[in-house]
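A closer look at the structure
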Amino acid sequence: MQPDRHFTGLEKRIDAAAHRFLAGLPRHRISDALVEFLVFGLKQAWACLFGGAMLGLLILTRWLWPEGDAGLVTRYDFLFLSAILLQLAMLIFRLEAWEEAKVILIFHVVGTAMEVFKTHAGSWVYPEANFFRIGGVPLFSGFMYAAVGSYMARINRIFDIRLNHYPPLWTTVVLAGAIYVNFFSHHFLWDIRWLLFAVTFALYWRTTMHYRVFRFRHKMPLLVAFLLTALFIWIAENIGTWSRAWLYPNQHDAWVPVSLGKLGSWYLLMIISVVLVTLVHRPRPYVAEDRRESPAADMKEMT
């Protein structure tokens, strides 16, 4: 059985109810595959709980908020206060573990610092006025990075992710630091992102991610997992800019999709994200002979 730290109290109850239902389904290759696919989607949705709620608020306020923020609270301040309440509610109702809150706080600080610089450099802009801000950055923006941190920490737990051939931790910290510095320095010096891509490949090309869905473990090259996650974040960014929560220079007159070139930036951000999570939850290798991977233990895994 996995250590209790993998589950919040609410998740344990959901896990027990789901197992009672799913364990009663007939066993067949096709039905097993369908169950794995369904549970994978449900787990991903659960991992995206905070980020999905924030995107929902961006969409709703885009449609419903008065033009020119004519209400008592500006749209950005409403998003900021709502994000705080969401975070507190997730902790109070055990939708999120306290360890994950540490990761979220780190992402919030790191993201806000980059936002302050990037808006000053003109990379993007927050077009609406509000009270809770630092320079040109409304404080709700830090929660968008925190949503990425929340997702990364939660999938690590609910999918019981193991990483084989993970590079030495110090090398990943150095790489993440170089990526973060390049986000700033490329405005003044050479952009070394292609070198950073090459180093990323050299460090992680052998790393395999092993994760449990329901009855079975699956595996995927970690570099592919980075790309898939970056793609979904790019889609979420398109929603954010469509809602006019923030805008790139080419979106001022009319909305256009975010450039595919931004996928590279989000891909590199995935490296920083994974490294920050591993500083809180050290990467664990997958060992097939581990008694916790026995069929009897399968029925006690998180659904």
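Going by the structure above, here's the rest.
What comes next concerns the included structure. (Residues numbered from 1 in each chain as written. Predicted model: local features only at pLDDT ≥ 70, side-chain atom pairs only at ≥ 80, totals over all residues. Heavy atoms only, no water.)

Turning next to empty space enclosed by the protein. Within the structure shown, the criterion is met by two cavities of 30 Å³ or more. A volume near 80 Å³ is recorded for the largest cavity. Around the largest cavity, the lining residues are Phe 107, Val 110, Gly 111, Met 114, Tyr 145, Val 148, Tyr 180, Leu 269, Ile 272, Ser 273 and Leu 276. Of all the secondary structure elements, the ones that give two or more residues to the lining of the largest cavity are helix H5 (98–121), helix H6 (140–158) and helix H10 (262–280). Partitioned by chemical class, the residues of the lining of the largest cavity number nine nonpolar, two polar and no charged. (1 Å grid on protein atoms, 1.4 Å probe; cavity = no way out; pocket = protein on both sides within 12 Å on 5 of 7 lines; lining within 4 Å. Points joined across faces, edges and corners; volume = space filled by probe spheres on them. Helix = DSSP H or I, 4+ residues; strand = E, 2+ residues; numbered from the N terminus. Nonpolar A, V, L, I, M, F, W, Y, C, P; charged D, E, K, R; others polar.)

One side chain can pair with another of opposite charge once the charged atoms of both are near each other. Using the criterion set out here, one finds five salt bridges in the structure. With a closest N to O distance of 2.5 Å, Arg 217 and Asp 160 form a salt bridge. Linking Arg 217 in strand E5 (residues 217–221) with Asp 160 in the loop between H6 and strand E3 (162–164), this pair joins segments that are 57 residues apart in sequence. For the pair formed by Arg 217 and Asp 160, the shared burial category is buried. When the shortest N-O distance is used, the salt bridge between Asp 191 and Arg 193 registers 2.9 Å. Residue classification places Asp 191 among the partly exposed positions, given a relative accessible area of 35%. (Salt bridge = Lys/Arg side-chain N within 4 Å of Asp/Glu carboxyl O. Buried < 20%, exposed > 50% of the residue type's maximum accessible area, 1.4 Å probe, protein only.)

Fair warning: the whole summary comes from geometry, so function is off the table for now.
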